[in-house]
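The chain contents come next:
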Amino acid sequence: MPASKNVGIVIVSHSAKVAEGAADMVRQMVGDNVPLAAAGGNAEGGLGTDVAAIMAAIDKAWSEAGVAILVDLGGAETNSEMAVEMMPEERRERIVICNAPIVEGAVMAATEASGGSPLAVVQATAEELMSA
Amino acid sequence: MQEVTASALLTNKIGLHARPSVKLTQTAKRFGSRIEVATSAAGPWTDAKSPVKIMRVKAAKGEVLHFKASGEDASAALAALVDIVARKFDEE
């Protein structure tokens, strides 16, 4: 199955190490048939998030099936929202930000995506972690 | 539709933890049939294609995984699931 048929996963953390570490876990546990990209840290290399880096990650993980973004704290979410706003209009509808813990959410979303599930199901699986 | 059942003993060290859960759901998702898993033949049954629910089953080494499936490829699905458990999820 070509990777581009599966929903892509983007991990956005304030820390480059957290983002890369979560991506490592996804690759090892789920495999490489899901487009995956991580954006961590601000433009200066410190803790924070960077809209341009998030946009680049969305591009890297882009799939016609869409992209699910996992974020950590506050700014990661608002900057991800801004990055989505700045994407071409025809792509915006196919990008979602999941309300889920970043590491577990990334692994669960990628597991769902690896089976070819559509974007709404991938998001629902990540967000299922928040229930009971 | 006819339901088929199977079971397999968990022999890998860590049981149905994170990575095995992912592999089990990925295997189940290759099939169109409805597939459920339980640690007792009496249930409760869990959707084998739900990674979040399967991870919450928390079955340990020595427990038996019971499978039931219904659908056109139910038999093939259970054969594949029993096989991945028997292969210790290719982890050992």
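So, here's what we can say about the structure. Just so it is clear, the structure is predicted and the values come from calculations on it, not from any experiment. Throughout this document, residue positions are counted from 1 along each chain, in the order its sequence is written. Chain letters and ligand numbers both follow the written order, the letters beginning at A and the numbers at 1. Note on the predicted model: pLDDT of at least 70 is required for a residue's local features to be given, and 80 or more for side-chain atom pairs to be given and counted; whole-chain, interface and lining totals, by contrast, use all residues. As a rule here, side-chain values cover all heavy atoms of the structure and leave hydrogens and water aside.

**Observations regarding the sheet that holds strand β4 (residues 95-98) of chain A**
All names here are of chain A. DSSP bridges decide pairing: two strands pair if at least two such bridges lie between them. Secondary structure is summarised from DSSP: a helix means a run of H or I of at least four residues, a strand means a run of E of at least two, and numbering begins at the N terminus for each. Read across the open sheet, the four strands follow the order β2-β1-β3-β4; overall the sheet is parallel. A strand with exactly one partner marks an edge of an open sheet, and here the two such strands are β2 (36-40) and β4. Sheet twist, expressed as the average angle between the axes of neighbouring strands with direction ignored, equals 20°. With five bridges joining them, strand β1 (residues 8-13) and strand β3 (residues 67-71) adopt parallel strand pairing. Paired with Ile9 across the bridge in β3 is Ala68. Any two residues having at least one pair of non-hydrogen atoms within 4.5 Å are treated as being in contact. Whenever a helix is involved, its axis is fitted only over the stretch in contact; in every case the axis is a line through C-alpha atoms, and angles between N-to-C directions fall within 0 to 180 degrees. The strands touched by helix α2 (residues 51-60) within the sheet are β1, β2, β3 and β4, with β2 carrying the most contacts at an inclination of about 175°. Helix α5 (residues 102-114) rests against β1 and β3 of the sheet, and its axis sits at about 175° to β1.

**Description of helix α3 (residues 74-86) of chain B**
Residue and element names in this part refer to chain B. To estimate the expected span of a helix, count its residues, drop one, and scale the result by 1.5 Å. For α3, built from 13 residues, the straight-helix expectation of 18 Å at 1.5 Å per residue is met to within 8% by its first-to-last C-alpha distance of 18 Å. Of all the residues in α3, the buried ones are Ala74, Ala77, Leu78, Ala80, Leu81, Ile84 and Val85. Buried residues of α3 fall within an arc of 160° about the axis and therefore sit on the same side. Structural note: α3 exposes Ser75 and Ala86 on the side pointing more than 90 degrees away from its buried face. Along its buried surface, α3 packs onto β1 (3-9), α1 (18-29), β2 (34-38) and β4 (64-70). Partly exposed residues are those whose accessible area sits between 20% and 50% of the maximum for their type, while under 20% is buried and over 50% is exposed, using a 1.4 Å probe and protein chains only. In this context, the arc is that of the directions from the helix axis out to the C-beta atoms.

**Remarks on unusual backbone geometry**
Residues and elements named next belong to chain B. Backbone torsion omega between Gly43 and Pro44 reads 5°, so that peptide bond is classified as cis. With respect to the helices and strands, the residue Pro44 is situated in the loop between β2 and β3 (46-47). In this structure, Lys58 takes a positive phi of about 50° despite not being glycine. On the basis of relative accessibility, which here comes to 63%, the residue Lys58 falls in the exposed class. If you check the backbone angles, Asp90 has positive phi at about 60° while not being a glycine.

**Re the nonpolar core**
Where a protein is soluble and globular, its nonpolar side chains tend to be buried together. All names here are of chain A. Within the largest apolar cluster, 28 residues are counted, with the highest numbers of intra-cluster contacts made by Ile9, Ile11, Val26, Ala68 and Leu70. At the level of secondary structure, the elements contributing two or more residues to this core comprise β1, α1 (16-30), β3, β4, α5 and α6 (119-127). The dominant element in this core, judged by the number of residues it contributes, is α5, at seven residues. Beyond its immediate sequence surroundings of up to four residues, Leu70 is in contact with Ile9, Val10, Ile11, Val12, Cys98, Ala100, Pro101, Ile102, Gly105, Ala106 and Ala109. We define a nonpolar core as any set of buried Ala, Val, Leu, Ile, Met, Phe, Trp, Tyr and Cys residues linked to one another through side-chain atoms lying within 4.5 Å.

**Some thoughts on the side chain of Thr25(B)**
Structurally, the position occupied by Thr25(B) is in helix α1. Overall, the relative accessible area of 0% leaves Thr25(B) in the buried class. In contact with Thr25(B), other than residues within four places in its own chain, are Thr111(A), Ala48(B), Lys49(B), Ser50(B), Pro51(B) and Ile54(B).

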